[in-house]
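Spelled out, the chains give:
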Amino acid sequence: MKEGFFRPREYHRPNNLQEATWLLSSFGKRAKLIAGGTDLLVNKPPEVECLIDVASLDLNYIRKDGNGITIGAATTLDLIERSPMFSAGPYVVLSEAASNMATPTVRNMATIGGNICNASPAADLSLALMVLDSTVKIYGLDGSRVLPIGAFFEDVNKTALAEDELLVEIHIPMSPAGTGASFLKLRHHQTAIDLAVVNVATRLTCSDDFCEDARIALGAVAKRPIYAEKAKRLLTGKRLDGKLIQEAAEIASKEAKPIDDVRSSARYRRRMIAVLVKRALELSITRCET
Ligand SMILES: Cc1cc2nc3c(=O)[nH]c(=O)nc-3n(C[C@H](O)[C@H](O)[C@H](O)COP(=O)(O)OP(=O)(O)OC[C@H]3O[C@@H](n4cnc5c(N)ncnc54)[C@H](O)[C@@H]3O)c2cc1C
């Protein structure tokens, strides 16, 4: 926990998105949106004088239609973990990531929007959303825009959001038939409140034993969550066997750019990426449905 002087003087509950963006642009760097507060109240940014609560914006929903699943930014992890929409098919990767985060008490408060907007390189939901090819809808003074989630993360704790913008919702497109996905996480002490030493999500679309398409996302190994593009290219269009999976896992670990920090050495992280990617790919194969 950072020791800092965190005593915001103002608290606002805007009634709609326009009011929220107006408040954001008026206060600039002195304002922060607050959802569950489970990151913000730990980080305590000292420059913040005004909190803008997203709770009144009706962004707590999970909806499904013919195009896919849409999740409001203020949807809690607990709701995602328990939703039947994430209990089957490749979409289980999201509830798998959510249920691997923190404790039930934190998951009751914490939101999907807060997890990705905090932009921690170790955030769990980011990886699941990346392998599902999600897009994010952003709202600001100039209206709304949509970005692929991979382009949303720019650096440690830095997203593509401008000062007047907020995240409204996340859209997950329908995956093709024959797709399976999985999420795996290694923690330092393997307790519920440990952040990931490394975390991995994979998604494969298979026909017979052939890989038609692949996604591999890696966390806690760079300044932002990354796709292992070379490993994906190696797998695509090939017959999936143990040798190929092992090779893809080794390549993915070379694509990682880990650092030494309190949770692990860079060397250990790199080794563990290979182990986790191999296991996650194997699990995804068993989940490919035709
Ligand atoms: C004990 C503990 C254990 C934890 N374990 C894990 C873990 O295992 N894995 C993990 O990934 N995280 C973990 N976290 C971190 C945290 O719980 C999650 O990142 C959570 O999802 C944050 O959501 P929140 O709603 O609480 O965000 P908040 O703290 O409310 O906000 C976080 C950031 O996002 C911004 N924000 C929030 N909503 C929006 C929006 N709609 N638009 C734009 N910006 C927005 C805020 O301004 C702030 O900068 C843990 C935290 C604690 C306290």
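Scroll up to find the structure this text is about.
As the structure is a computational prediction, the values presented were derived from the model and not from experiment.

## Some thoughts on the sheet that holds strand S10 (residues 166-173)
- If you trace the five strands from one edge of the open sheet to the other, you get S4-S5-S10-S6-S7, paired in antiparallel fashion. The two strands at the open ends of the sheet, each matched to only one other strand, are strand S4 (62-65) and strand S7 (143-148). Taken over all neighbouring pairs, the strand axes of this sheet differ in orientation by 20° on average, direction set aside.
- Relative to S7, strand S6 (residues 135-140) is paired through six bridges, and the arrangement is antiparallel. By the bridge assignment, threonine 135 is partnered in S7 with proline 148.
- Packing against the sheet, helix H1 (residues 17-27) makes contact with S6 and S10, and its axis sits at approximately 125° to S10.

## Topic: the nonpolar core
- Ranked by size, the top nonpolar core spans 89 residues in total, and within it Ala128, Ala201, Ala252, Ile273 and Val277 carry the most contacts.
- The residues touching alanine 128, leaving out its near neighbours within four places in the chain, are Val93, Leu94, Ala97, Phe183 and Ala201.

## Re the site of the ligand
- In the vicinity of the ligand, 30 residues are found, and the nearest of them are Ala35, Gly36, Thr38, Gly114 and Asn115.
- Looking at the shell around the ligand element by element, the count peaks at four residues for helix H6 (residues 112-117).
- Looking at the shell around the ligand residue by residue, the classes come out as 19 nonpolar, eight polar and three charged.
- Taken domain by domain, the shell around the ligand gets at least three of its residues from each of domain 1 (10-52) and domain 2 (63-173).

Basis of the calculations
- Residues numbered from 1 in each chain as written.
- Predicted model: local features only at pLDDT ≥ 70, side-chain atom pairs only at ≥ 80, totals over all residues.
- Pairing = 2+ DSSP bridges.
- Helix = DSSP H or I, 4+ residues; strand = E, 2+ residues; numbered from the N terminus.
- Axes fitted to C-alpha atoms, helices over the stretch in contact; angles between N-to-C directions.
- Contact = placed C-beta atoms within 7 Å.
- Core = buried A, V, L, I, M, F, W, Y, C linked by C-beta atoms within 7 Å.
- Buried ≥ 20, exposed ≤ 12 C-beta atoms within 10 Å, placed from the backbone.
- Near = placed C-beta within 6 Å.
- Nonpolar A, V, L, I, M, F, W, Y, C, P; charged D, E, K, R; others polar.
- Domains from an automatic or database assignment.

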